[in-house]
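Topology and contacts: notes
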Amino acid sequence: MLLHYCPMRIGELSRRTGVSQRSLRYYEEQGLLTPTRLPNGYRDYDERAVATVRRIQILLSAGLGTSVVAEILPGTVDDTVVLVGKCPELVDGLARERRRIDAAIAELIATRDTLDTLVGRPLDAPQGPVRT
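Right, let's walk through the structure included here. (Residues numbered from 1 in each chain as written. Predicted model: local features only at pLDDT ≥ 70, side-chain atom pairs only at ≥ 80, totals over all residues. Heavy atoms only, no water.)

Summing up its helical and strand segments, the protein chain has five helices and two strands in all. For the protein chain, restricting intrachain contacts to residue pairs at least 6 apart in sequence, the fraction spanning at least 24 positions comes to 43%. On the protein chain, roughly 9,800 Å² of surface is accessible, and the fraction owed to carbon and sulfur atoms is 57%. (Helix = DSSP H or I, 4+ residues; strand = E, 2+ residues; numbered from the N terminus. Contact = heavy atoms within 4.5 Å. Areas by Shrake-Rupley, 256 points an atom, 1.4 Å probe, with all protein chains shown as cover.)

Along helix 1 (residues 10–17), the positions that sit buried rather than exposed are I10, L13, S14 and T17. The buried side chains of helix 1 occupy one side of the element, clustering within an arc of 100 degrees when seen end-on. In this fold, the buried residues of helix 1 make contact with helix 2 (21–29), strand 2 (43–44) and helix 3 (48–61). Positive backbone phi, at 75 degrees, marks G18, one or two positions downstream of helix 1. (Buried < 20%, exposed > 50% of the residue type's maximum accessible area, 1.4 Å probe, protein only. Arc of directions from axis to C-beta.)

A probe matching the size of a water molecule, rolled over the atoms, marks out where space remains unfilled. Estimated volume of the largest pocket: approximately 180 Å³. Surrounding the largest pocket, 12 residues form its lining, L33, T34, D46, R48 and A49 being those nearest its centre. In terms of residue count, the dominant contributor to the lining of the largest pocket is helix 3 (three residues). Classifying every residue of the lining of the largest pocket by side-chain character gives six nonpolar, three polar and three charged. (1 Å grid on protein atoms, 1.4 Å probe; cavity = no way out; pocket = protein on both sides within 12 Å on 5 of 7 lines; lining within 4 Å. Points joined across faces, edges and corners; volume = space filled by probe spheres on them. Nonpolar A, V, L, I, M, F, W, Y, C, P; charged D, E, K, R; others polar.)

Right, let's get into the pattern of salt bridges. If you walk through the whole model with that rule in mind, you get eight salt bridges. For the salt bridge of R98 with D102, the shortest nitrogen-to-oxygen distance reads 3.1 Å. In this pair, R98 and D102 both sit in helix 5 (residues 88–119), four residues apart, roughly one turn of the helix. Taking relative accessible area as the criterion, R98 reaches 55% and is therefore assigned exposed. Connected through shared salt-bridge partners, E28, R37 and R43 make up one network. (Salt bridge = Lys/Arg side-chain N within 4 Å of Asp/Glu carboxyl O.)

Soluble globular proteins tend to bury their nonpolar side chains together. By size, the foremost hydrophobic cluster in this structure holds 18 residues, and its most contacted members are L13, L24, Y27, L33, Y45 and V53. Those elements giving two or more residues to this core turn out to be helix 1, helix 2, helix 3 and helix 4 (66–72). By residue number, the principal contributor to this core is helix 3, which donates five residues. Each residue touching Y27, except ones within four places of it in the same chain, is listed here: V19, L32, L33, V53, I56, Q57 and L60. (Core = buried A, V, L, I, M, F, W, Y, C linked by side-chain atoms within 4.5 Å.)

As a further point, take a nonpolar patch on the surface. The grouping of L115, L118, V119 and L123 at the surface amounts to a nonpolar patch, some 400 Å² of accessible area in total. In this structure, L115 sits in helix 5. Its relative accessible area of 44% is what places L115 among the partly exposed residues. (Patch = residues over 30% accessible without salt bridge, like charges linked within 9 Å, V, L, I, M, F, W, Y side chains within 5 Å.)

Turning next to the packing of helix 1 against helix 3. It is the contact of helix 1 with helix 3, at a shortest axis distance of 10 Å, that shows an interaxial angle of 55 degrees. In terms of axis orientation, helix 1 runs oblique to helix 3. Here helix 1 runs over helix 3; the crossing is right-handed. Here L13, R16 and T17 of helix 1 lie close against helix 3, whose contacting residues are A49, V50, V53 and R54. (Axes fitted to C-alpha atoms, helices over the stretch in contact; angles between N-to-C directions. Parallel < 35°, antiparallel > 145°, perpendicular 65-115°, else oblique. Left-handed = near helix turned anticlockwise from the far one by under 90°.)

Shown next, in the form of structure tokens:
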């Protein structure tokens, strides 16, 4: 029994993944997604593209740039983006990225604390009488 192949255009991929067509085109420009081009120039995606887009979204939501995503993507095995193998360079790079994020968080907390100090209380606390 032959299965009928049904092409998936960019609009269908967008609908199924919740990712805009503009973002899908950007992923293609960055080499993260590779559709087949039909003779009429339309993009044609296979079923694997849905999982690939979901993986890309997870990696981007982790604060990684598209160049890092391009390196990691081939090592993903499922929608949870569990990495295959134990590439020390990749793990070291992700550890550096985590340290960068930790430093940015610490800087934001320090900035928030400075704002609180300026008014003499946490700004999200209930307001009471102002002391003079």
